[in-house]
Amino acid sequence: MTPNWRCGRRLRIDVHTYDEELRLFLQDDGFLDQERWDFENTPPRTTLLLHYHPLVLYRHQVIKQADVVLATFLLGDAFSYEDKRRILDYYDPYHQ
């Protein structure tokens, strides 16, 4: 996929954030380089921003809102059902 779509003036998905191996768009271009958050050892229903400094969170694969997931629905005609499903399935565990 080689998108560079725009919706209005604010929403944009760039081709440089597409990972060919995973076949999905990344939350940001450094997302895969960050350490994974240890959700298994985080107490349930913990609001991370209330318990951890944002700079700690920014260094991990944690997302407060999955902009890429939202974009697949706002630009729905540009993504197949399989693309949307794959992106949602990938980011759901990282959602806080």
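Look up a bit, the structure's there.
Please read these numbers as outputs of a predicted model, since none were measured by experiment.

*Asks:* Explain the environment of Ile-63 residue by residue, including any values.
*Replies:* Inspection of the secondary structure puts Ile-63 in the loop between strand 6 (60-61) and helix 3 (67-74). Once the C-alpha coordinates of Ile-63 and Tyr-91 are considered, the two residues, 28 residues apart in sequence, prove to be 8.3 Å apart.

*Asks:* I'd like a rundown of the side chain of Thr-72, residues and numbers included.
*Replies:* By the element assignment, Thr-72 lies in helix 3. Once you skip the residues sitting within four places of it in the chain, Thr-72 turns out to touch Phe-79, Lys-84 and Ile-87.

*Asks:* Talk me through the packing of helix 3 against helix 4 (residues 81-91); I want residue IDs and the actual numbers.
*Replies:* Put simply, helix 3 and helix 4 touch, their axes get as near as 9 Å, and they point 160° apart. Put simply, helix 3 runs roughly antiparallel to helix 4. Where helix 3 crosses over helix 4, the two elements pack in a sense that is left-handed. For the pair helix 3 and helix 4, the contacting residues are Val-68, Val-69, Thr-72 and Phe-73 in the first and Lys-84, Ile-87, Leu-88 and Tyr-91 in the second. Looking at side-chain class alone, the contact of helix 3 with helix 4 contains six nonpolar, one polar and one charged residues.

*Asks:* Residues and numbers for the nonpolar core, please.
*Replies:* Ile-87 and Tyr-91 are the most contacted members of the largest nonpolar core, which totals 15 residues. Considering every element that reaches this core, the biggest residue donor is helix 4, with three residues. Apart from residues no more than four positions distant in its own chain, Ile-87 is found in contact with Leu-24, Phe-25, Val-68, Val-69, Thr-72 and Phe-79.

*Asks:* I'd like a description of unusual backbone geometry, backed by residues and values.
*Replies:* The backbone phi angle of Arg-23 is positive, close to 60°, even though this residue is not glycine. Topologically, Arg-23 is positioned in the loop between strand 3 (18-19) and strand 4 (24-25). The class for Arg-23 is partly exposed, based on a relative accessible area of 46%.

*Asks:* Lay out the side chain of His-60 in plain terms, naming residues and giving numbers.
*Replies:* Mapped onto the elements of the fold, His-60 is located in strand 6. The exposure class of His-60 is buried, given its relative accessible area of 14%. If sequence neighbours within four positions are ignored, His-60 has contacts with Gln-34, Glu-35, Arg-36 and Trp-37.

What counts as what
- Residues numbered from 1 in each chain as written.
- Predicted model: local features only at pLDDT ≥ 70, side-chain atom pairs only at ≥ 80, totals over all residues.
- Heavy atoms only, no water.
- Helix = DSSP H or I, 4+ residues; strand = E, 2+ residues; numbered from the N terminus.
- Contact = heavy atoms within 4.5 Å.
- Axes fitted to C-alpha atoms, helices over the stretch in contact; angles between N-to-C directions.
- Parallel < 35°, antiparallel > 145°, perpendicular 65-115°, else oblique.
- Left-handed = near helix turned anticlockwise from the far one by under 90°.
- Nonpolar A, V, L, I, M, F, W, Y, C, P; charged D, E, K, R; others polar.
- Core = buried A, V, L, I, M, F, W, Y, C linked by side-chain atoms within 4.5 Å.
- Buried < 20%, exposed > 50% of the residue type's maximum accessible area, 1.4 Å probe, protein only.

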